[in-house]
Amino acid sequence: MIAFWVLAPIMVLAALGVLFVRKAVHAALLLAVVMISLACLYAVLEAPFLFAVQIIVYTGAIMMLFLFVLMLVGVDSSDSVVETIRGHRVTATVLGVLFAGVLAVGLGQVSLAPAVGLTEANADGNIEGIAAILFSDYVLIFEATAALLVTAALGAMVLAHRERIEPKATQADLASRRMAAYADRGEHIAPLPAPGVYARHNAVDTPALLPDGSPAPTSVSRVLTARGTVRSAPDMADDIDAVRRQMSGRAEPETDTSREAVQGDGVPGDSQRPDRGGESS
Amino acid sequence: MTPYIVLSAILFAIGAAGVLIRRNAIVVFMCVELMLNASNLALVSFARQNGNLEGQVAAFFVMVVAAAEVVVGLAIIMTIFRTRRSASVDDASLLKY
């Protein structure tokens, strides 16, 4: 019972988290927590086969499928806060609490006899016991399950398949389309600018700077812009100040080592010089 | 055994409330999975209560059906997203008009 009282609060909290977190990816991870905890409860409940299947099928296959689809659908798919039906959220919450109340009252009336336990049924091993039932009483249902799985795989392929209804655009088409856009709306013809390269940052989240010092919005991916993880130009300037302070602070004790480095090979000294030039500008 | 059944009831209620509250189709789908998992927990604990393995076999079938359902459901969500550029259940309302 210790495992139960440890895992049950975690599961309920994670399940409530699925309800309330805004980002779908976080909901998927919280659901994975619930499923792994459930697998542990199955192990406690003398169901080792279901313990393995729960981890392999649910947390392995199904959660990966969810995360994969989230990746395809993109980061803009968070829930909107606007209610389309008035009072929808309040009504849904009230209904959920009512439903939980009805279930709790109903289950409160039930008095169960002490559990029989599965030691007898699992005497030949849990998997052997399940196989004996599955391939005798339930063999027809088992066959139907096979048909269901084949149908589901085919259905997913049919649904995910996209028929090409227009000819594939060649490079010449793309070029003429781009020129037409330039002629109509004055859009930029050349490729988009690359992200900025600085002394300490050359990642894709650092925008290039325009001649007036403002960041060029087209130089970073729009996905990063939607996530709000683009670094701002003043931040990078602060970073450079911090580096300058760091270097001036340890300039005296490290003069010997830097001289040795310069004597050893000229490259470190050369690579420091452009940095200083960058600082003074 | 009663605590296990109560836990499964709580999880089922949370899943049902999630289906009603959330409007992102993928999260709605996750809540359906939560409900299926809750019913599985009830099946497995009743199997232990009664001392035979049929409950575990039933839970196994629920898992298989859930896997098939997820595959088809996510494919439908992908198709809707491709045509409407949105995964919100509010935007798939063409049949309403």
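Participant: Which parts of the structure should I look at to understand the overall build of chain A?
Facilitator: The number of helices and strands found in chain A is 11 helices and 0 strands. Starting at the N terminus and ending at the C terminus, chain A contains elements arranged as α-α-α-α-α-α-α-α-α-α-α. Within chain A, residue pairs in contact and separated by at least 24 positions form 48% of the contacts whose partners lie at least 6 positions apart. Just so you have it, chain A exposes about 18700 Å², and 65% of that area is on carbon and sulfur atoms.

Participant: I'm lost on helix α4 (residues 88-109) of chain A in this one. Help?
Facilitator: Three or four residues apart is the spacing at which side chains of an α-helix point the same way, because the helix has 3.6 residues per turn. For α4 of chain A, spanning 22 residues, the distance from its first C-alpha to its last is 32 Å, which sits close to the expected 32 Å at 1.5 Å a residue. Listing the buried residues of α4 of chain A in full gives His 88, Ala 92 and Gly 96 of chain A. Angularly, the buried residues of α4 of chain A cover 70° about the axis, an arc narrow enough to put them on a single face. Turned more than 90 degrees away from the buried face of α4 of chain A sit Val 90, Val 97, Leu 98, Val 105, Gly 108 and Gln 109 of chain A, all of them exposed. The secondary structure elements touched by the buried residues of α4 of chain A are α1 (2-21) of chain B.

Participant: Can you help me understand the pattern of salt bridges in this one?
Facilitator: Between side chains of opposite charge, pairing is possible as soon as their charged atoms come close. The full count for this structure, using the stated rule, is 2 salt bridges over all chains. Arg 48 of chain B serves as the salt-bridge partner of Glu 46 of chain A, at 2.5 Å between the closest nitrogen and oxygen. A residue pair is termed interchain when its members come from two chains, as with Glu 46 of chain A in the loop between α2 (24-44) and α3 (48-73) and Arg 48 of chain B in helix α2 (residues 25-50). For Arg 185 of chain A, the salt bridge identified is with Glu 187 of chain A, shortest N-O distance 2.9 Å. Look at Arg 185 of chain A and you get exposed, because its relative accessible area is 59%. Judged by its relative accessible area of 38%, Glu 187 of chain A falls in the partly exposed class.

Participant: Sorry, what's going on with the side chain of Asn 122 of chain A here?
Facilitator: Positionally, Asn 122 of chain A belongs in the loop between α4 and α5 (126-134). Taking the relative accessible area as the measure of exposure, Asn 122 of chain A reaches 16% and is therefore buried. Of note is the side chain of Asn 122 of chain A, whose polar atom sits 3.3 Å from the backbone oxygen of Glu 46 of chain A. Aside from chain neighbours lying at most four places away, what touches Asn 122 of chain A is Glu 46 of chain A together with Leu 53 of chain B.

Participant: Even after reading the chapter, I still don't get the packing of α5 of chain A against helix α3 (residues 54-84) of chain B, so can you show me in this structure?
Facilitator: A pair of packed helices is characterised by two quantities: the angle between their axes and the separation of those axes. Relative to each other, α5 of chain A and α3 of chain B sit at 75°, their axes nearing to 9 Å. The orientation of α5 of chain A relative to α3 of chain B falls into the category roughly perpendicular. In contact with Asn 126, Ile 130, Ile 133 and Leu 134 of chain A of α5 of chain A, α3 of chain B contributes Glu 54, Gln 56, Val 57, Phe 60 and Phe 61 of chain B. Here the residues of the contact of α5 of chain A with α3 of chain B sort into 6 nonpolar, 2 polar and 1 charged.

Participant: When you look at the packing of α2 of chain A against α3 of chain A in this model, what are you seeing that I'm missing?
Facilitator: All names here are of chain A. Contact geometry for α2 and α3: axes closest at 9 Å, N-to-C directions at 175°. Here α2 lies roughly antiparallel to α3, going by the angle between them. When α2 is examined against α3, the residues Ala 24, Val 25, Ala 28, Leu 31, Ala 32, Met 35, Ile 36, Leu 38, Ala 39, Cys 40, Tyr 42 and Ala 43 are found in contact with a partner set consisting of Leu 50, Phe 51, Gln 54, Ile 55, Tyr 58, Thr 59, Met 63, Leu 67 and Leu 70. Of the residues belonging to the contact of α2 with α3, the class tally is 19 nonpolar, 2 polar and no charged.

Participant: What is the right way to read the environment of Val 116 of chain A from this model?
Facilitator: All names here are of chain A. Relative to the assigned elements, Val 116 resides in the loop between α4 and α5. Taking relative accessible area as the criterion, Val 116 reaches 57% and is therefore assigned exposed. Remark: the alpha-carbon pair of Val 116 and Val 34, spanning 82 residues in sequence, is separated by 27 Å.

Participant: Whenever I open this one, the confidence of the model for chain A confuses me. Can you help?
Facilitator: Close inspection of predicted coordinates is inappropriate in any region flagged by low pLDDT. Looking at chain A as a whole, the pLDDT averages 81, with 85% of positions reaching at least 70. Note that pLDDT drops below 50 for residues 254-281 of chain A; the model gives that stretch 6 contacts with residues more than four away or on any other chain.

Participant: Looking at this structure, I do not really get the confidence of the model for chain B. What am I missing?
Facilitator: The predicted model of chain B averages 89 in pLDDT, with 100% of residues at 70 or higher. Reported confidence for the predicted complex is 0.93 by ipTM and 0.74 by pTM.

Participant: How should I be thinking about the nonpolar core in this particular structure?
Facilitator: Judged by nonpolar contacts, the single largest core of 66 residues is most densely connected at Phe 66 of chain A together with Leu 7 of chain B. Listing elements by their share of this core, those giving two or more residues are α1 (2-20), α2, α3 and α5 of chain A together with α1, α2 and α3 of chain B. For this core, the element with the most residues is α3 of chain B, which contributes 12 residues. Not counting residues within four places of it along the chain, the set of residues in contact with Leu 7 of chain B comprises Phe 4, Ala 8, Met 11, Val 12 and Leu 41 of chain A together with Leu 41 of chain B.

Participant: Is there a simple way to explain the environment of Ala 52 of chain A in this structure?
Facilitator: Here Ala 52 of chain A shows up in helix α3. Taking C-alpha positions, Ala 52 of chain A is 20 Å from Ala 146 of chain A, a pair spaced 94 residues apart along the chain.

Participant: What is the right way to read a nonpolar patch on the surface from this model?
Facilitator: There is a patch of nonpolar side chains on the surface, built from Val 90, Val 94, Leu 95 and Leu 98 of chain A together with Leu 20 of chain B and spanning about 450 Å² of accessible area. Considering each element in turn, the nonpolar patch owes the most residues, 4 residues, to α4 of chain A. With respect to the element layout, Leu 95 of chain A can be found in helix α4.

Participant: Looking at this model, I keep getting lost on the side chain of Ser 8 of chain B. Mind explaining?
Facilitator: Residue and element names in this part refer to chain B. By secondary structure assignment, the location of Ser 8 is in helix α1. Assessed through its relative accessible area of 7%, Ser 8 is described here as buried. Not counting chain neighbours up to four residues away, the residues in contact with Ser 8 comprise Ala 38, Leu 41 and Ala 42.

Reading guide: rules and limits
- Residues numbered from 1 in each chain as written.
- Chains lettered and ligands numbered in written order.
- Predicted model: local features only at pLDDT ≥ 70, side-chain atom pairs only at ≥ 80, totals over all residues.
- Heavy atoms only, no water.
- Helix = DSSP H or I, 4+ residues; strand = E, 2+ residues; numbered from the N terminus.
- Contact = heavy atoms within 4.5 Å.
- Areas by Shrake-Rupley, 256 points an atom, 1.4 Å probe, with all protein chains shown as cover.
- Expected span 1.5 Å × (residues − 1).
- Buried < 20%, exposed > 50% of the residue type's maximum accessible area, 1.4 Å probe, protein only.
- Arc of directions from axis to C-beta.
- Salt bridge = Lys/Arg side-chain N within 4 Å of Asp/Glu carboxyl O.
- Polar contact = N/O pair within 3.5 Å; in protein donor to acceptor, adjacent residues only side chain to side chain.
- Axes fitted to C-alpha atoms, helices over the stretch in contact; angles between N-to-C directions.
- Parallel < 35°, antiparallel > 145°, perpendicular 65-115°, else oblique.
- Nonpolar A, V, L, I, M, F, W, Y, C, P; charged D, E, K, R; others polar.
- pLDDT = per-residue confidence, 0-100.
- Core = buried A, V, L, I, M, F, W, Y, C linked by side-chain atoms within 4.5 Å.
- Patch = residues over 30% accessible without salt bridge, like charges linked within 9 Å, V, L, I, M, F, W, Y side chains within 5 Å.

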